[in-house]
Amino acid sequence: MTDTYTSLVNGGLTGSLAKKLGLPRPSVLRRHTPGAPLVTGPVLVLGGAVGTGDDADAVARTLLGWDLDVRRTAADDTARWGAVVVVLTEATHPDDLSDPVRELGSVLRSLAPGARVVTVSRPALATDAPALAAVRQGVDGILRSVAKELRGGATGNGVVLAGDVTVDATSVHGALRFLLSARSAFVDGQLLTVSSDAGSAPADWERPLAGRVAVVTGAARGIGAAIATTLARDGARVVVVDVPAAGEQLAKVANAVKSTALQLDITTPDAGTRIIDHAVRRHGGLDIVVHNAGITRDKLLANMKPEVWDSVIAVNIASQLRINEQLLASDAFRDAPRIVSLASTSGIAGNRGQSNYAASKAGVVGMVRATGPLLAEVGGTANAVAPGFIETDMTSRIPFATREVARRLNSLQQGGQPVDVAETVAFFASPAAGGINGTTLRVCGQNLVGA
Amino acid sequence: MGDERPTTTLPAVPGLGGLYARAVAPDPAALLARVPVLGGLVGGRDEDRASGIVLPDVTYRVADVVADPARLLAYQRLLGEPADDLLPAGFVHVLAFPVAMAVMVRPDFPLPVAGMVHLANAVRVERPVHVDEHLEVRAWAEDALPHRKGTQVDLVTEVSARTGAGDEREVVWRGVSTYLAKGVGAAPSAVAPEVSDDAAGTSVRSSAERFPTGRWTLDAGIGRRYAAVSGDRNPIHLSGLTAKAFGFPRAIAHGMYTAARALAESDAGRPGADGRGAYDWTVEFAKPVLLPGRVAVAIEPTTSPDAGGRRAFRYAGWDAKSGKEHFTGGVTPR
Amino acid sequence: MPQTAPAHPTTPLPQDAYILGGNRIPFARAGGKYASASNQDMLTAALDGLVARFGLQGERIGEVVAGSVLKHSRDFNLVRECVLGSALSPQTPAYDLQQACATGLEAVIGVSNKIRLGQIESAIAGGTDTISDAPIAVSEGLRHALLNASRAKTVGARLKAFAALRPADVAPATPSTDEPRTGLSMGEHQAITTARWRITREAQDQVAYDSHHNLAAAYEAGFFDDLVTPFKGLTRDQNLRADTSLERLGTLKPVFGKSLETPATMTAGNSTPLTDGASAVLLGSREWAQAHDLPVLARVVDGETAAVDYVHGHEGLLMAPVHAVPRLLGRNGLTLDDIDFFEIHEAFASTVLTTLAAWEDDDYCRTELGLDGALGSVDRARLNVHGSSLAAGHPFAATGGRIVATTAKLVAAKAAETGRTARALVSVCAAGGLGVAAIIESADTEGSTK
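Residues numbered from 1 in each chain as written. Chains lettered and ligands numbered in written order. Predicted model: local features only at pLDDT ≥ 70, side-chain atom pairs only at ≥ 80, totals over all residues.

### Quick notes on the overall build of chain C
We apply this condition: Every helix listed is a DSSP run of H or I at least four residues long, and every strand listed is a run of E at least two residues long, numbered separately from the N terminus. Between the two quantities, the radius of gyration covers C-alpha atoms and the globule rule is 2.2 Å times the number of residues to the power 0.38. The exposure label follows from counting other C-beta atoms within 10 Å of a residue's C-beta, where the C-beta atoms are placed from the backbone and the thresholds are 20 or more for buried and 12 or fewer for exposed, leaving partly exposed in between. For the purpose of contact definition, each residue receives a C-beta atom placed from its backbone, and two residues are in contact when these atoms lie within 7 Å.
Along its length, chain C carries 14 helices and twelve strands. At 22 Å, chain C has a C-alpha radius of gyration in line with the 22 Å of a compact globule built from 450 residues. Considered along the principal axes of its C-alpha atoms, chain C spans approximately 75 × 55 × 45 Å. Here chain C holds 450 residues, and the buried ones make up 58% of them. Within chain C, contacts between residues at least 6 apart in sequence are counted, and of these 81% link residues at least 24 apart.

Rendered as structure tokens:
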């Protein structure tokens with residue numbers, strides 16, 4: 001799981017050599033440590049006219065409320081900017097992009113390592129005036145291109161405000177905070193849509209899941225174990241679930257996060273009921289379910305046996321659908337519940353030899369889109385996280401050359417860590433993400449595949 | 001008691017090694033051959049001294065014998081007896097028997113000691129003997145009788161100790177060791193019908209089948225270890241090589257070791273809760289136990305516990321594979 | 001069957017002791033998956049799995065009592081060491097207990113009694129054993145020489161101590177599971193009992209067949225999902241042969257009783273192999289369980305330990321449970337008909353069969369057990385319903401914990417299904433002519449559901 005290349009090209013002697021040779025120099029990403037500042041320098045808020053009470057000012061005020069060093073102009077050229085937030089919600093014509101984007105361009109060379117560029121915009125709709133739709137869709141293009149231009153572990157992402165959602169909506173704050181923070185280290189080039197005012201700010205941003213009970217499937221190792229650990233760090237009681245055969249590792253995870261292990265095959269018909277029963281009996285309730293368990297059985301479709309296809313569908317999507325049905329029917333899962341499901345970039349972009357896996361993972365994308373609204377009436381959400389190349393036991397078995405290519409094939413020029421996926425899961429599980437529902441967020445370092 | 005014979009007092013209990021040597025003094029080659037053995041594999045010399053067997057008219061006596069506590073402990077450990085201050089009956093045997101042996105190796109002893117077979121042993125214990133008691137040992141030979149395979153003779157050993165306050169003595173232990181001199185005086189016409197050696201003694205079968213209650217796994221060193229605590233260093237027990245010299249395929253276990261171990265495992269040789277400690281301990285030997293070897297044993301109570309908690313036992317040992325009997329016996333509290 | 005008058009304790013105990021759950025690692029065949037694991041490794045794993053299942057990280061348990069039959073001398077405080085290496089609070093006290101194969105069940109009874117007395121509120125009982133990592137001792141001769149040398153004050157005396165050594169003394173002494181007083185192995189003892197009770201080969205093979213098939217079915221049904229935590233890559237008991245058949249069992253050659261005058265009937269198939277493994281059972285008072293949001297599966301009603309005079313062949317070595325059970329039932333005013341599940345440890349298939357035969361034997365029950373007549377018959381459909389040691393294997397001290405946790409789950413499920421109390425009788429025979437029996441009842445539903 002060690003990315004030797006990244007450490008080599010950032011080391012003293014080999015580092016300067018790599019620079020001279022023009023080799024890609026992936027940065028060591030800024031990752032979350034409790035107590036660390038949200039961003040690493042002053043935050044520049046661009047967009048709109050200063051002091052007119054528009055959305056950019058509102059965002060600036062929000063950031064000031066988080067005790068950040070907020071600037072509205074780039075006048076101070078000595079600054080190493082921690083973040084640039086470009087508020088474009090009020091642009092009505094592509095001409096309106098010119099000023100803020102130029103200003104953004106002027107500071108791109110003076111960003112701090114691990115800096116953040118975040119756009120705030122609205123979606124382009126068929127009912128919009130053509131010019132309005134053009135500028136709004138244009139933001140996508142700007143954001144995705146800028147993200148590819150950034151270096152030094154900096155990322156670029158956008159918050160999209162759907163419908164009547166204002167920049168002061170709880171989940172806009174939540175999304176902004178997440179995208180500015182180190183928690184989104186491997187999220188790059190993505191647009192996150194806030195669709196409602198739902199959600200609530202946590203009492204403590206360091207422990208947003210305090211008092212919540214979470215279940216993580218497939219938690220014995222890799223991404224699942226990281227999710228369990230991250231949710232526990234954020235304050236949740238975590239029931240870790242995995243197949244009985246993975247029990248030894250599962251017990252270690254449970255003991256590390258000081259919670260309970262449930263050995264359970266999620267494909268058993270009453271898995272959902274047993275999960276609910278365990279969480280309620282042992283922990284007094286159930287608030288968060290993370291569908292992480294999944295398998296791959298790669299074969300070209302031309303060679304694929306029916307049982308190989310069926311097993312992947314059964315584990316990766318059918319079990320989730322059945323468990324969700326049981327969750328939705330349960331009285332125990334009604335306090336702003338959260339379902340977070342693991343999709344995959346393979347499900348979005350497709351992958352040779354993974355038709356079964358891609359079907360299941362694309363299925364997850366569709367499933368959360370349709371499940372979210374069912375949960376909304378009790379303040380709940382269903383979202384998915386689509387990891388790209390993540391350094392795990394599984395990917396460490398990929399042949400070296402293939403692995404190297406896969407690693408570098410994104411804007412951050414490296415593979416992500418399991419914790420990067422886990423942070424996004426934890427964000428979706430948090431109360432501040434209550435207005436984000438039915439979406440799929442990629443955690444892929446802006447992977448070129450299917451971007 | 002047949003103790004009206006003239007008494008010869010020896011200064012001390014003789015060493016068995018020296019006695020073995022004296023048994024065959026003129027002929028070094030025959031030195032080892034003149035040693036009594038257990039079992040029937042070695043044929044005696046084919047001498048015809050059928051009639052007129054006269055045993056030495058003498059009682060050997062050693063006036064003051066005291067057990068060595070270290071040797072007692074070694075014996076107790078080896079046989080599985082409790083490490084207390086009482087002399088197990090088998091220990092008294094090894095303490096006193098050399099006096100009887102001294103009678104057997106007298107020049108006027110009429111039977112060839114070499115190749116003699118230990119047929120049986122009967123011990124009558126009158127009371128427990130304490131380790132620091134001063135014992136008197138008397139031994140003589142008696143009852144030379146025709147046997148279907150030769151002539152048998154009893155070697156009697158009596159051990160007495162002080163009783164009460166004065167010098168009065170009482171017999172506390174009496175052992176009769178029956179030996180067979182093969183081919184000596186045998187009169188086939190007069191011999192009782194042939195019975196198999198295997199059937200010698202009492203069977204312990206309680207039902208149609210015989211079941212063991214235990215198994216002894218005897219390693220090759222058990223002969224040497226018992227020799228060390230008993231002083232009986234008969235070469236047939238010490239190693240395969242020395243045993244082969246006497247016609248045995250391997251070393252054989254001391255018969256008295258097997259009998260003494262059965263006694264120890266029966267519990268019946270120890271004083272009861274009521275303080276009574278008198279009992280009879282008998283053994284009859286059949287096939288010798290070859291070393292190393294495994295002996296199936298059945299050591300079973302035959303009565304309910306008496307007032308002191310003591311029970312009578314019978315015991316038997318046999319070859320677990322072939323079923324051939326090695327020994328049978330009993331321990332009967334009185 | 002006529003009952004002796006129930007003799008319930010006259011003074012009510014402060015509280016009941018409940019089984020809350022259990023955990024074990026799969027049992028491995030000797031020299032198998034756990035060949036490199038020590039007793040400490042295995043028991044620690046069993047404890048950690050239990051902690052993980054019940055969320056007991058950092059919890060100060062009232063007492064952890066477990067043991068091991070084949071134990072290294074360095075493991076003098078084995079269980080405490082395991083606790084210190086586990087995720088439990090280091091303030092959890094522990095002690096080692098050893099009663100041969102009955103260690104685990106005796107530990108359960110012991111801690112239950114402490115809970116009932118109110119001395120502790122929670123406990124873990126269990127056991128571990130390894131035949132693969134068994135202690136090897138020096139020979140008696142070398143041991144004496146070493147001890148003498150260590151006591152010697154001069155070099156000369158030290159040399160003299162070693163001069164007493166013989167070449168054979170240097171050979172290590174391997175542990176023996178033979179009975180010290182008889183020199184017979186457990187299998188040879190049982191072979192005699194088997195022959196005395198005229199138990200047939202066919203009946204023994206049937207017990208073995210049932211054990212394997214019942215255990216395999218329970219695994220398939222997920223019954224052990226919350227009772228077993230894999231260890232070292234082993235996810236199910238290594239000895240389990242789900243596909244065994246009576247034909248295959250019938251082809252095996254006898255291994256015990258071959259030197260008896262009766263036909264030998266005990267094979268490797270209908271005898272339990274030596275195995276490595278560990279188990280742990282979580283017990284507590286109802287209040288403790290409620291305070292920790294833990295389920296209450298079953299109540300430990302009572303226990304009885306018996307011993308028999310096997311040394312001189314009066315009784316079979318493994319027949320002590322035959323004596324313990326009628327005493328236990330009588331004291332509690334119960335008969336065999338009151339029992340929903342019989343969990344009789346399968347040291348050998350014939351152990352179970354001689355036990356059942358003895359209880360059905362009028363004369364034996366009168367003369368040996370002091371009853372008015374036969375104790376009665378055990379309904380075979382209620383016997384070892386999810387398999388037992390023949391299939392699972394038998395790491396001596398770990399077996400009691402395996403059985404108790406399984407049984408607690410069984411009675412809890414039965415009670416949930418029928419709505420009435422379910423009762424089980426557990427019995428484990430042990431070396432030394434020992435035997436332990438216990439009655440376990442489903443807990444009433446109060447507190448066991450939300």
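### Topic: the UniProt feature "domain: MaoC-like" (unreviewed entry) in chain B
The following threshold applies: UniProt positions are given in the numbering used here, feature names are shortened, and annotations may be inferred rather than shown by experiment.
Listed under "domain: MaoC-like" (unreviewed entry) in the UniProt record, and renumbered for this structure, are residues 224-300 of chain B. Within residues 224-300 of chain B, the helical portion is 36% and the strand portion 19%, while the C-alpha atoms at the span's ends are 28 Å from each other.

### Topic: the sheet that holds strand β13 (residues 440-443) of chain A
Residues and elements named next belong to chain A. Cut-off, in case you're wondering: In this description, strands pair whenever DSSP reports at least two bridges between them. For helices, the fitted line uses only the C-alpha atoms of the stretch in contact; every axis is such a line through C-alpha atoms, and the angle between N-to-C directions lies from 0 to 180 degrees.
The parallel open sheet is built from seven strands, whose spatial order is β9-β8-β7-β10-β11-β12-β13. Since the sheet does not close on itself, it has two edges, and those belong to β9 (260-263) and β13, each with one partner. Taking each pair of neighbouring strands and ignoring which way they run, the sheet shows an average axis angle of 20 degrees. As judged from the five bridges shared by strand β7 (residues 213-217) and strand β8 (residues 237-242), these two strands associate in the parallel manner. The residue of β8 that forms the bridge with Ala-214 is Val-238.

### Examining the interface of chain B and chain C
To be explicit about the condition: Lys, Arg, Asp and Glu make up the charged group, whereas Ala, Val, Leu, Ile, Met, Phe, Trp, Tyr, Cys and Pro make up the nonpolar group; the residues left over, Gly among them, are polar.
Contacts between the two partners involve 16 residues from chain B and, on the opposite side, 14 residues from chain C. Those elements that place two or more of their residues in the side of chain B that touches chain C are β7 (214-218) and β9 (293-301) of chain B. The greatest single-element share of the side of chain B that touches chain C, amounting to five residues, is contributed by β9(B). Class assignment for the residues of the side of chain B that touches chain C results in seven nonpolar, four polar and five charged.

### So, the UniProt feature "domain: Thiolase C-terminal" (unreviewed entry) in chain C
UniProt's feature table lists "domain: Thiolase C-terminal" (unreviewed entry) at residues 296-441 of chain C, given in the numbering used throughout. For residues 296-441 of chain C, the end-to-end C-alpha separation is 11 Å, with 37% helix and 21% strand making up the annotated structure.

### Some words on the packing of helix α4 (residues 89-104) of chain B against helix α8 (residues 255-266) of chain B
Residues and elements named next belong to chain B. Note the following rule: Orientation is classified from the angle alone, with under 35 degrees giving roughly parallel, over 145 giving roughly antiparallel, 65 to 115 giving roughly perpendicular, and any other angle giving oblique.
With their axes 9 Å apart at the nearest point, α4 and α8 run at an angle of 150 degrees to one another. Accordingly, the angle class assigned to the pair α4 and α8 is roughly antiparallel. Where α4 abuts α8, its residues Ala-89, Gly-90 and His-93 lie against Met-256, Ala-259, Ala-260 and Leu-263. Its residues assigned to classes, the contact of α4 with α8 comprises five nonpolar, two polar and no charged.

### Digging into the sheet that holds strand β6 (residues 191-194) of chain A
All names here are of chain A. Taken together, six strands build an open sheet; the order of strands is β2-β1-β3-β4-β5-β6 and the sheet is parallel. The outermost strands of the open sheet, each flanked by one partner alone, are β2 (70-71) and β6. Here strand β1 (residues 43-46) runs beside strand β3 (residues 81-87); their pairing, made up of four bridges, is parallel. Bridge pairing links Val-43 to Ala-83 in β3. Its contacts with the sheet place helix α3 (residues 55-65) against β1, β2, β3 and β4 (111-121), and it is angled at close to 160 degrees to β1. Helix α4 (residues 98-107) rests against β1, β3 and β4 of the sheet, and its axis sits at about 170 degrees to β3.

### Overview of the interface of chain A and chain C
As a measure of interface size, the accessible area lost when the parts come together is often cited. In this assembly, 20 residues from chain A lie in contact with 20 residues from chain C. For the side of chain A that touches chain C, the elements supplying multiple residues, two or more each, are α8 (247-256), β9 and α9 (271-283) of chain A. With six residues, α8(A) is the largest single contributor of residues to the side of chain A that touches chain C. Taken together, the residues of the side of chain A that touches chain C break down into eight nonpolar, eight polar and four charged.

### Description of the environment of C:Ala217
Note on placement: C:Ala217 falls in helix α7 (residues 201-220). Remark: the alpha-carbon pair of C:Ala217 and C:Gly187, spanning 30 residues in sequence, is separated by 28 Å.

### Overview of the pairing of strand β5 (residues 150-162) of chain B
Residue and element names in this part refer to chain B. Burial runs high along β5: ten of the 13 residues are buried. Note that strand β4 (residues 135-147) and β5 share eleven bridges and pair antiparallel. Bridging across to β5, His-147 finds its partner in Gly-150. With antiparallel pairing between neighbouring strands as the criterion, β4 and β5 make up a hairpin whose turn holds two residues. Inspection of the sheet shows β5 paired to strand β6 (residues 169-182) by 13 bridges, in the antiparallel sense. Each bridged residue has a counterpart across the sheet, and for Thr-157 the counterpart in β6 is Gly-175.

### Remarks on the UniProt feature "active site" (unreviewed entry) in chain C
Residues and elements named next belong to chain C. When the UniProt feature table is mapped to this numbering, "active site" (unreviewed entry) covers Cys-101, His-394 and Cys-429. Their sequence span is 329 residues, while the largest C-alpha to C-alpha distance among them is just 11.8 Å; these annotated residues converge on one region. Of note, Cys-101 is situated in the loop between β4 (94-96) and α3 (103-116). Discounting chain neighbours no more than four positions away, the residues touching Cys-101 are Ala-347, Phe-396, Thr-399, Val-428, Cys-429, Ala-430 and Ala-431. Along the chain, His-394 turns up in the loop between α13 (389-392) and α14 (399-418). Residue His-394 is classed as buried on the basis of its 27 C-beta neighbours within 10 Å. Among all residues touching His-394, those that are not within four sequence positions of it are Thr-272, Thr-275, Ala-347, Ser-389 and Thr-399.

### Comments concerning α3(A)
Residue and element names in this part refer to chain A. How we decide: What the arc covers is the set of directions going from the helix axis to the C-beta atoms.
Buried within α3 are the following residues: Asp-55, Ala-56, Val-59, Ala-60 and Leu-63. For α3, the arc enclosing every buried residue in end-on projection is 140 degrees, short of the 170-degree limit, so these residues lie on one face. Residues of α3 that are buried sit in contact with β1, β2, β3 and β4.

### Things to note about the packing of α9(A) against helix α10 (residues 306-328) of chain A
Packed helices, taken two at a time, are described by their axes: the angle between them and the distance between them. Residue and element names in this part refer to chain A. To be explicit about the condition: Whether a crossing is left-handed or right-handed is set by the direction in which the near helix is turned from the far one by less than a right angle, anticlockwise for left-handed and clockwise for right-handed.
Running from amino to carboxyl end, α9 crosses α10 at an angle of 50 degrees, the nearest separation of the two axes being 7 Å. Judged by the inter-axis angle, α9 sits oblique to α10. Note that α9 runs across α10; the crossing there is right-handed. For the pair α9 and α10, contact is made by Ala-271, Gly-272, Thr-273, Ile-275 and Ile-276 and by Ser-319, Arg-322, Ile-323, Glu-325, Gln-326 and Leu-327, respectively. Residues belonging to the contact of α9 with α10 are distributed by class as follows: five nonpolar, four polar and two charged.

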